[in-house]
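Observations on the three-dimensional arrangement
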Amino acid sequence: MENLKLCESDYRFMLVVWENEPVASGDLVTLCAEKLGWKKPTTYTVLRKMCEKGLLKNENTIVSSIVSKEQVQAFESENFVERAFEGSLPQFLTSFLGGKIISEKEADELKRLIDAHREE
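Residues numbered from 1 in each chain as written. Predicted model: local features only at pLDDT ≥ 70, side-chain atom pairs only at ≥ 80, totals over all residues. Heavy atoms only, no water.

Under an unreviewed UniProt entry, the name given to the protein is BlaI/MecI/CopY family transcriptional regulator, and the organism recorded is Lutispora saccharofermentans. Turning to the protein, the UniProt record has this under Sequence similarities (unreviewed entry): "Belongs to the BlaI transcriptional regulatory family." (UniProt positions renumbered as here; feature names shortened; annotations may be inferred.)

Here the focus is the side chain of serine 64. Position of serine 64 relative to the elements: it lies in strand β3 (residues 62–65). What makes serine 64 buried here is its relative accessible area of 15%. Not counting chain neighbours up to four residues away, the residues in contact with serine 64 comprise Glu21, Leu56 and Lys57. (Helix = DSSP H or I, 4+ residues; strand = E, 2+ residues; numbered from the N terminus. Buried < 20%, exposed > 50% of the residue type's maximum accessible area, 1.4 Å probe, protein only. Contact = heavy atoms within 4.5 Å.)

If you walk across this open sheet you meet the three strands as β1-β3-β2, and the pairing is antiparallel. Both outer strands of the open sheet, β1 (23–24) and β2 (56–59), are each paired with one neighbouring strand and no more. Strand direction decides the pairing type here: β2 and β3, joined by four bridges, are antiparallel. Note that in β3 the partner of glutamate 59 across the bridge is isoleucine 62. Set on the sheet, helix α1 (residues 8–20) makes contact with β1, β2 and β3; between it and β2 the angle comes to about 60°. (Pairing = 2+ DSSP bridges. Axes fitted to C-alpha atoms, helices over the stretch in contact; angles between N-to-C directions.)

The next thing to look at is unusual backbone geometry. Leaving glycine out, the prevailing phi sign among residues is negative, and the prevailing peptide bond configuration is trans. In this model, glutamate 21 is joined to proline 22 through a cis peptide bond whose omega is -10°. With respect to the helices and strands, the residue proline 22 is situated in the loop between α1 and β1. You will see that asparagine 60, though not glycine, has its phi angle at about 55°, which is positive. Inspection of the secondary structure assignment puts asparagine 60 in the loop between β2 and β3. By relative accessible area, which is 73% here, asparagine 60 ends up exposed. You will see that threonine 61, though not glycine, has its phi angle at about 65°, which is positive.

What follows covers the pattern of salt bridges. Tallied over the entire structure, the rule returns five salt bridges. Note that glutamate 109 is salt-bridged to arginine 112, the shortest N-O span being 2.7 Å. Note that glutamate 109 and arginine 112 are positioned in helix α6 (residues 104–116) at a spacing of three residues, about one turn of the helix. For glutamate 109, a relative accessible area of 37% gives the class partly exposed. (Salt bridge = Lys/Arg side-chain N within 4 Å of Asp/Glu carboxyl O.)

In C-alpha coordinates, the structure reads:
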(Lines give C-alpha, C1' and ligand atoms only; values in the text may rest on other atoms or scores of the structure.)
Protein backbone atom coordinates (compact mmCIF):
# COMPACT_ATOMS: atom_id res chain seq x y z
CA MET A 1 0.00 0.00 0.00
CA GLU A 2 3.03 2.28 -0.32
CA ASN A 3 1.25 3.88 -3.29
CA LEU A 4 -1.06 5.60 -0.77
CA LYS A 5 1.83 7.74 0.48
CA LEU A 6 1.32 11.23 -0.95
CA CYS A 7 3.34 14.41 -0.80
CA GLU A 8 1.47 17.58 0.18
CA SER A 9 0.80 18.77 -3.39
CA ASP A 10 -0.45 15.34 -4.49
CA TYR A 11 -2.77 15.18 -1.48
CA ARG A 12 -4.17 18.65 -2.21
CA PHE A 13 -4.76 17.55 -5.82
CA MET A 14 -6.56 14.42 -4.63
CA LEU A 15 -8.74 16.59 -2.37
CA VAL A 16 -9.87 18.54 -5.42
CA VAL A 17 -10.76 15.30 -7.20
CA TRP A 18 -12.55 13.80 -4.18
CA GLU A 19 -14.60 16.96 -3.72
CA ASN A 20 -15.68 17.10 -7.38
CA GLU A 21 -15.70 13.56 -8.74
CA PRO A 22 -16.59 12.43 -11.24
CA VAL A 23 -15.06 15.43 -12.98
CA ALA A 24 -14.18 16.10 -16.60
CA SER A 25 -10.42 16.51 -17.00
CA GLY A 26 -10.90 19.97 -18.56
CA ASP A 27 -12.94 21.04 -15.55
CA LEU A 28 -10.24 19.59 -13.29
CA VAL A 29 -7.71 21.87 -14.99
CA THR A 30 -9.93 24.87 -14.19
CA LEU A 31 -10.45 23.75 -10.59
CA CYS A 32 -6.73 23.21 -10.04
CA ALA A 33 -5.98 26.65 -11.48
CA GLU A 34 -8.47 28.21 -9.05
CA LYS A 35 -7.70 26.16 -5.94
CA LEU A 36 -4.02 25.31 -6.35
CA GLY A 37 -2.73 27.98 -8.73
CA TRP A 38 -1.61 25.29 -11.18
CA LYS A 39 -1.20 25.57 -14.93
CA LYS A 40 -2.70 23.00 -17.31
CA PRO A 41 0.52 20.97 -17.81
CA THR A 42 1.00 20.61 -14.05
CA THR A 43 -2.53 19.30 -13.58
CA TYR A 44 -2.15 16.77 -16.38
CA THR A 45 1.27 15.65 -15.13
CA VAL A 46 -0.05 15.02 -11.62
CA LEU A 47 -3.20 13.37 -13.01
CA ARG A 48 -1.07 10.98 -15.06
CA LYS A 49 1.10 10.23 -12.02
CA MET A 50 -1.94 9.50 -9.82
CA CYS A 51 -3.39 7.23 -12.52
CA GLU A 52 -0.07 5.36 -12.79
CA LYS A 53 -0.06 4.87 -9.00
CA GLY A 54 -3.55 3.37 -9.25
CA LEU A 55 -5.22 6.13 -7.21
CA LEU A 56 -7.29 7.68 -10.01
CA LYS A 57 -8.77 6.63 -13.31
CA ASN A 58 -9.28 8.85 -16.34
CA GLU A 59 -11.75 7.19 -18.68
CA ASN A 60 -13.11 9.13 -21.65
CA THR A 61 -11.76 12.34 -20.03
CA ILE A 62 -13.77 11.71 -16.84
CA VAL A 63 -11.62 11.52 -13.71
CA SER A 64 -12.67 9.57 -10.64
CA SER A 65 -10.93 8.03 -7.67
CA ILE A 66 -10.07 4.40 -7.19
CA VAL A 67 -8.92 5.00 -3.61
CA SER A 68 -11.04 6.89 -1.09
CA LYS A 69 -9.99 9.85 0.99
CA GLU A 70 -10.58 7.75 4.12
CA GLN A 71 -8.19 5.04 2.88
CA VAL A 72 -5.42 7.58 2.30
CA GLN A 73 -6.04 9.27 5.66
CA ALA A 74 -5.95 5.93 7.49
CA PHE A 75 -2.66 5.00 5.78
CA GLU A 76 -1.08 8.39 6.52
CA SER A 77 -2.28 8.36 10.15
CA GLU A 78 -0.97 4.88 10.80
CA ASN A 79 2.41 5.70 9.27
CA PHE A 80 2.65 8.93 11.28
CA VAL A 81 1.92 7.18 14.60
CA GLU A 82 4.36 4.40 13.70
CA ARG A 83 7.14 6.82 12.71
CA ALA A 84 6.71 9.54 15.34
CA PHE A 85 5.47 7.52 18.33
CA GLU A 86 6.88 4.05 17.64
CA GLY A 87 3.34 2.82 16.99
CA SER A 88 2.04 3.86 20.41
CA LEU A 89 -1.47 5.26 20.15
CA PRO A 90 -1.50 6.28 23.86
CA GLN A 91 1.75 8.25 23.36
CA PHE A 92 0.23 9.94 20.30
CA LEU A 93 -2.96 10.88 22.19
CA THR A 94 -0.96 12.19 25.15
CA SER A 95 1.12 14.35 22.84
CA PHE A 96 -1.84 15.44 20.73
CA LEU A 97 -3.99 16.44 23.68
CA GLY A 98 -1.14 18.09 25.58
CA GLY A 99 -2.81 20.46 28.02
CA LYS A 100 -6.03 20.71 26.03
CA ILE A 101 -9.38 20.16 27.64
CA ILE A 102 -11.92 18.18 25.63
CA SER A 103 -15.67 18.37 25.99
CA GLU A 104 -17.78 15.66 27.57
CA LYS A 105 -19.17 14.89 24.11
CA GLU A 106 -15.66 14.49 22.64
CA ALA A 107 -14.60 12.26 25.55
CA ASP A 108 -17.70 10.09 25.08
CA GLU A 109 -16.99 9.80 21.34
CA LEU A 110 -13.37 8.76 22.01
CA LYS A 111 -14.57 6.15 24.54
CA ARG A 112 -17.08 4.84 22.01
CA LEU A 113 -14.38 4.57 19.32
CA ILE A 114 -12.00 2.79 21.67
CA ASP A 115 -14.70 0.32 22.75
CA ALA A 116 -15.59 -0.36 19.10
CA HIS A 117 -11.94 -1.26 18.33
CA ARG A 118 -11.12 -3.12 21.54
CA GLU A 119 -9.75 -6.68 21.34
CA GLU A 120 -12.18 -9.32 22.55
